[in-house]
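Residue strings, one per chain:
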Amino acid sequence: MVTRLGLSSGTAPRLAAAELAALVRGAGGSVADLRADKGHRWEDDGLAGLGGLAVSFVGLSVVLGASDQRPDAAARFPGLPVKVFAAPGAASAAATRDQLAALTADRAPDQVLVETHRGGAAPAELAELCARYGCRLVVDNLGLHEIADDEPAALALLAPWASAVQVKGFDPAADGGRPAHRPLAAADLGWLAAFRTAAVDITVESRAGTPRDDLAALRAAWEDIACA
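Just so it is clear, the model here is predicted, and its values are computed rather than measured.

(A) Structural detail: the packing of aromatic side chains. Tallying each qualifying case throughout the model produces two aromatic pairs. Centre to centre, the rings of Trp 42 and Phe 77 are 6.3 Å apart; their planes meet at 45°, and the pair counts as tilted. One end of the pair, Trp 42, is in helix α2 (residues 42-45); the other, Phe 77, is in the loop between β3 (54-64) and β4 (82-86), and 35 residues separate them in sequence. The two residues Trp 42 and Phe 77 agree in class, both being buried. Considering the side-chain rings of Trp 191 and Phe 195, the 6.1 Å spacing of their centres and the 80° angle between planes classify their relative orientation as edge-to-face. Side by side, Trp 191 and Phe 195 carry an identical accessibility label, which is buried.

(B) Structural context of unusual backbone geometry. Phi angles above zero are rare outside glycine, and Asp 37 is one such case at about 60°. Structurally, the position occupied by Asp 37 is in the loop between β2 (31-35) and α2.

(C) Region of interest: the side chain of Asp 201. Tracing the chain through its elements places Asp 201 in strand β10 (residues 201-204). On the accessibility criterion, Asp 201 (9% relative accessible area) is buried. Discounting residues that sit within four places of it in the chain, Asp 201 has contacts with Arg 4, Val 31, Ser 56, Ser 163, Ala 164 and Val 165.

(D) Geometry of the pairing of strand β1 (residues 4-8). Among the five residues that make up β1, four are buried, leaving the element largely enclosed by the rest of the structure. For β1 and β10, the ladder comprises four bridges, and the chain directions are parallel. Paired with Gly 6 across the two strands is Thr 203, which belongs to β10. Pairing analysis gives three bridges linking β1 to β2, with the strands arranged parallel. The residue of β2 that forms the bridge with Leu 7 is Ala 32.

Reading guide: rules and limits
- Within every chain, residues take consecutive numbers counted from 1 along the sequence as written.
- With the structure being a predicted model, the display of local features is reserved for residues of pLDDT at least 70 and the display and counting of side-chain atom pairs for 80 or more, all residues being used for whole-chain, interface and lining totals.
- For the side-chain quantities, the full set of heavy atoms in the structure was used; hydrogens and water were omitted.
- Only centres within 6.5 Å qualify two rings of Phe, Tyr or Trp (six-membered ring in Trp) as a pair; their planes then separate them into stacked at under 30 degrees, edge-to-face at over 60, and tilted for everything else.
- Starting at the N terminus, helices and strands are each numbered in turn, a helix being any DSSP run of H or I of at least four residues and a strand any DSSP run of E of at least two.
- The rule is simple: take the accessible area with a 1.4 Å probe, protein chains only, and divide by the maximum for that residue type; under 20% is buried, over 50% is exposed, in between is partly exposed.
- In this analysis, two residues are considered to be in contact whenever any of their non-hydrogen atoms come within 4.5 Å of each other.
- By this definition, two strands are paired if DSSP reports at least two bridges between them.

Shown next, in the form of C-alpha cells:
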C-alpha cells in the first residue's frame, strides 16, 4: 500500500500556492491537503499554482446534516476529493442525502471525506454515514480526541473507513478548554500503526510554526511503523 506524507495548507495559510508546494517538497513531502474559503493564500493562484503537487483533498465549509448549508463550492474542484464535516444526527438527516447527492455530482461517493471534528458526529455515527452513503473519513487526531470517550476503540472503528489522516501535536486541556498546539513528537504518533496496511495520505496541520520539523517527525515515525 502507498502512503503519501505531506502538509496541510492550514500549516502555512499565508503562503501562495507555489510557496506551499515548495515547502511541502522541500520538507520531503509529496502531497498537500487544502482548505478552501478560509483565506488561505493558495487560492489566489488556485490548483494550477501548485505546479503539479498532488492534492489529497480540498476542505470545504460544509456540515452534513445542517439544513442551512449547500455544498456549492465543491463544483470548483471537479474530480478531487472534498472534505466536509458532519453534525450530530447527520446519518439520518434528510439534508445529508441531498448534500451528498450534490457533492457526488462531480466525484465518486468515496471521494467525499468526513472529518472527525469537535462538536461533530460521534464515532459510531461517522461509521454509519460511511456504511450508508459510501463516503470515507479524514481521521484528525485532535478531532478524534474531542469526540471520542474511548479513543482506541473509536480508532479501531473508524480506521477502516479512512482515506486520509491529519496529525497535529497538542497537549490536552485539563480545564475543559481547547488543547494547546505544540510541535509533533514521536510519542504522538504510535496510533498511526492502525493504518499500516491502508492506502492513506497522512498530512501535518501544524499550528506550532514548525512544519519542516513536524513532517520530519511524521516521516521518522511512519518509517518505524511501516518497517515494524
